[in-house]
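Structure assessment
The primary structure of each chain is shown beneath.
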Amino acid sequence: MNKISGKQGVQIPEQFLVTPMFVFFIIHSMQVGVGILGFEGYIAEHSGFDSWISIIMAGVFIHLLLWMLYNILRDSGGDIVSIHRDVFGKYIGGFFSLILSIYFLLLALTVLRTFLEVIQVWIFPSIRIEFFTLVFLMLIYYLVIGGFRLVTGFCMISVILTLPLLLLKFFPIDVGSVNYLYPAIEHSLTDLLKSAKATILSFLGIELLFVFYPFIKHPQRSVKWAHFGVFFTVLIYLATALVAFIYYSEEQLEHVTWGTISLWKIVEFPFIERFEYIGIALWVYVIVPNICLAMWGASRIPKRLFNANQKLMIVVYCAILYILTLFLDDREIVEKINTFTSQVGFYVLLYIPLLFVITKVFYKVRNQHES
Amino acid sequence: MNRKWICVLLVIFLTGCQQIYSVEDRAIVQILGYDYVEKDVLKGTVGIPQYGEEEVRTVEELNLTVNAESLKDFSQQVEKESSKPLSMGKLAVTLYNQKLAESGIDEFLDVLSRDPRVGRNIYLGVVDGEVQELIEGKYNQNETTAKYVKGIMENNMQRNFPKTNLHHFLYAYYAEGLDGFLPYIKKRNSHIQISGVALFDGGKMVSVVTDEDVLTLKLLLEEVKEGALPLSPEMGSVGMEITDSNLKYEVDNSKDIPEFDIKVKVTGFINEMKEQELESTQTPGLVNDLETEFKNHLKASADKMIAKFQEDQTDPLGLGNILKNRRRNFDKEKWEEQYPEVPVNVDVEVKITGTGISL
């Protein structure tokens with residue numbers, strides 16, 4: 001550890017650290033959430049069947065940001081709170097950190113509310129959300145107070161458990177037609193970029209690295225795992241989108257709200273006629289670690305800022321989530337929240353290059369000054 | 001520890017908050033059909049299986065028919081006559097009578113595609129005649145009408161009939177430059193029979209492909225793995241069993257009016273031959289003759305059919321969609337104007353691999 005990081009004092013006792021490999025699971029399960037259930041329609045809106053190119057574009061962009069993230073964190077040796085304090089001072093920096101905390105809460109809210117919407121639309125139209133959310137949040141609370149290592153473990157289970165769902169893509173490929181999917185790049189770069197921006201919501205999540213970086217045992221060794229995680233996400237999105245393009249016609253996609261779930265509908269086994277019920281139920285394993293990570297990140301920041309009790313913060317944040325979930329209760333609002341979060345997330349991602357430049361200059365000046 | 005247990009108990013009890021539906025208490029709709037009565041009035045018929053006592057093992061079908069002004073009105077009307085709440089999850093077949101199909105089934109498609117409880121693999125069909133009569137009819141098979149109709153469609157789509165179901169139809173319905181088609185079925189005495197393919201332009205039925213051309217249509221749409229192709233009895237009737245087929249669409253984009261080349265390659269063996277003027281089956285030249293004969297037959301049938309499609313402005317082959325995918329700046333209106341005059345060359349190749357085990 002160099003001199004600078006020693007001063008910031010973000011030292012986590014070894015028993016709370018995770019091995020670098022787990023960064024793969026954390027990054028991947030933070031990225032894949034509810035977005036993948038219905039992103040096909042959003043991205044095809046601007047550039048139709050060509051939008052698989054946008055996914056690759058967005059993926060490259062995310063890889064670049066991840067590289068910057070690691071650079072920032074390596075230079076400072078701490079986490080986002082200490083970086084903000086160093087660069088912007090105690091109050092302004094603290095304010096920025098707090099915004100990030102609220103942003104993570106917003107992510108959790110979006111995922112939770114959208115998933116509840118899925119349950120309402122697809123399985124139980126008359127479900128009492130107030131009870132369901134309560135039980136769900138109790139589970140979240142229970143997992144998050146278990147600490148970062150527990151959440152990480154859950155991420156791994158989630159990735160492994162839901163991986164077989166990819167095999168189901170066989171059914172739509174079997175039914176669909178490749179004849180109409182010919183790579184004619186007829187959309188302009190602007191259209192492709194618009195689609196790439198629409199994909200961003202599905203890729204959000206790498207910013208959590210700002211918070212959990214000190215929890216990685218040999219942080220710089222995790223770089224390749226983090227990139228591998230992002231790459232895996234890109235691959236899965238690409239496969240999902242291509243399968244949807246094979247199965248749906250271009251104009252039909254605009255009429256489908258939940259592309260991936262509708263794909264599960266045609267999966268038929270002798271013992272089960274409607275696979276989407278199982279798919280949605282299994283998806284809880286994707287949603288839970290996703291929300292847990294966001295909640296953990298959100299509650300970790302106040303702890304670092306004001307030395308607040310993290311358990312108390314989790315309770316407070318869960319309560320906020322609960323109340324907000326009850327208020328946001330129709331399709332249109334859920335749609336709006338998703339768009340809003342996507343917008344905010346986009347700016348948060350754009351903030352990374354900005355911070356990259358600022359920290360580069362800042363630490364350079366400081367090092368020169370000190371020597 | 002105590003608190004943990006309370007949580008567990010809470011989870012168990014909270015599941016009771018959801019209303020439970022038992023199978024016995026639901027009227028499970030398996031078949032649904034609509035008839036055209038007059039403008040804005042339709043007649044709907046639902047078929048609900050009534051399962052008898054275990055020892056008797058009979059399946060009766062309860063059919064409810066009501067007149068309604070709209071679809072929403074229809075489900076309310078049926079609900080009034082049903083002793084149990086209707087359940088759409090097992091719906092297998094939806095039928096429309098020809099007149100209704102000709103006036104457009106957009107509204108019905110919208111309802112089907114919106115409902116998460118309805119599967120995507122259900123069959124749609126157009127009925128020549130009254131749907132009510134078809135659903136209420138008693139058939140020899142000891143099964144419900146729904147199962148009977150579903151069986152007919154499943155079986156035929158394995159062999160000679162082009163694949164179509166709700167998903168396929170919706171795919172074509174929404175796509176630009178592609179039109180859907182549905183099985184055209186008819187009640188004949190105590191049987192139901194597929195008598196052709198009903199072609200649509202958007203949500204409106206425009207024409208019918210008759211029975212003898214159905215297999216040609218299938219060959220133009222997908223790869224056929226099994227199917228029977230009989231040949232006209234000029235030179236004695238010959239039956240060919242198709243074992244494989246290949247399909248390739250090509251577009252010549254260079255000109256203003258695109259030109260399509262469809263290459264079909266059929267492989268099969270002869271499984272029936274009634275000799276009349278045929279000298280001997282051993283002549284090696286005969287197989288070649290038969291190949292040419294089949295080839296000419298398929299090509300004539302395809303050309304005739306495509307000319308009819310162009311005349312009726314319906315595009316079940318999806319030529320427009322193929323063009324759209326391979327040409328930049330596809331102009332839909334221009335394409336629709338061009339469509340009737342677009343040259344479509346069908347090139348058929350037939351290969352007979354065997355003549356069975358006897359000579």
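Residues numbered from 1 in each chain as written. Chains lettered and ligands numbered in written order. Predicted model: local features only at pLDDT ≥ 70, side-chain atom pairs only at ≥ 80, totals over all residues.

1. A word on the nonpolar core
Formed by 188 residues in total, the largest nonpolar core has its most connected members in Ala-108, Ile-140, Ile-291, Cys-292 and Met-295 of chain A together with Ala-198 of chain B. With 14 residues, the top contributor of residues to this core is helix α6 (residues 90-123) of chain A. Taken together, domain 1 (17-211) and domain 2 (223-359) of chain B each give at least three residues to this core, which thus spans both. The contacts of Ala-108 of chain A, once residues within four sequence positions are left out, are Ile-291, Ala-294, Met-295, Ala-298 and Leu-321 of chain A. (Core = buried A, V, L, I, M, F, W, Y, C linked by C-beta atoms within 7 Å. Buried ≥ 20, exposed ≤ 12 C-beta atoms within 10 Å, placed from the backbone. Helix = DSSP H or I, 4+ residues; strand = E, 2+ residues; numbered from the N terminus. Domains from an automatic or database assignment. Contact = placed C-beta atoms within 7 Å.)

2. Section: the pairing of strand β2 (residues 31-38) of chain B
All names here are of chain B. Pairing between β2 and strand β3 (residues 41-51): 7 bridges, direction antiparallel. Pairing of Leu-32 across the sheet is with Val-46, part of β3. Following β2, the chain reverses through 2 residues before pairing antiparallel with β3; Asp-40 in that reversal takes a positive phi of roughly 65 degrees. Of the strand pairs in this sheet, β2 and strand β6 (residues 93-97) are connected by 4 bridges, and their pairing is parallel. (Pairing = 2+ DSSP bridges.)

3. Regarding the interface of chain A and chain B
Between chain A and chain B, the contact holds 26 residues from the first and 26 residues from the second. For the side of chain A that touches chain B, the residue count by class is 14 nonpolar, 5 polar and 7 charged. (Nonpolar A, V, L, I, M, F, W, Y, C, P; charged D, E, K, R; others polar.)

4. Digging into the environment of Tyr-339 of chain B
Residue and element names in this part refer to chain B. Structurally, the position occupied by Tyr-339 is in the loop between α11 (332-338) and β14 (344-354). The class of Tyr-339 is partly exposed, set by 17 C-beta atoms lying within 10 Å. Considered as a pair, Tyr-339 and Arg-117 are 222 residues apart in the sequence and their alpha carbons are 38 Å apart. Every residue in contact with Tyr-339, bar those within four places of it in the chain, is listed here: Gln-310, Gln-313, Asp-315 and Gly-320.

5. Comments concerning the domain arrangement of chain B
Much of the literature gives interface size as the accessible area that the parts lose upon coming together. Residues and elements named next belong to chain B. For chain B, the domain assignment lists domain 1 (17-211) and domain 2 (223-359). In this complex, domain 1 contributes 14 residues to the contact, which on the side of domain 2 involves 18 residues. Contributions of two or more residues to the side of domain 1 that touches domain 2 are made by β9 (191-201) and β10 (204-210). Residue composition of the side of domain 1 that touches domain 2, by class: 7 nonpolar, 3 polar and 4 charged.

6. Quick look at the environment of Gln-120 of chain A
Residue and element names in this part refer to chain A. Along the chain, Gln-120 falls in helix α6. A residue is classified by how many C-beta atoms lie within 10 Å of it, and Gln-120, with 18 of them, is partly exposed. Setting aside its immediate chain neighbours within four residues, Gln-120 contacts Pro-125 and Ile-127.

7. Let's talk about the packing of helix α3 (residues 35-47) of chain A against helix α12 (residues 223-247) of chain A
All names here are of chain A. Across the interface, α3 lies against α12 with an axial gap of 10 Å and an inter-helix angle of 60 degrees. Taken together, the axis directions place α3 and α12 in an arrangement best described as oblique. The two elements α3 and α12 meet at a crossing, and its hand is right-handed. Note on element contacts: α12 touches α3 through Tyr-237, Thr-240, Ala-241 and Ala-244, opposite Ile-36, Glu-40 and Ile-43. (Axes fitted to C-alpha atoms, helices over the stretch in contact; angles between N-to-C directions. Parallel < 35°, antiparallel > 145°, perpendicular 65-115°, else oblique. Left-handed = near helix turned anticlockwise from the far one by under 90°.)

8. Things to note about the environment of Trp-296 of chain A
All names here are of chain A. Mapping Trp-296 onto the fold places it in helix α15 (residues 276-306). Using a count of 29 C-beta atoms within 10 Å as the deciding quantity, one classes Trp-296 as buried. Separated by 98 residues in the primary sequence, Trp-296 and Ala-198 have C-alpha atoms spaced 26 Å apart. Beyond its immediate chain neighbours, meaning those up to four positions away, Trp-296 contacts Val-144, Phe-148 and Val-151.

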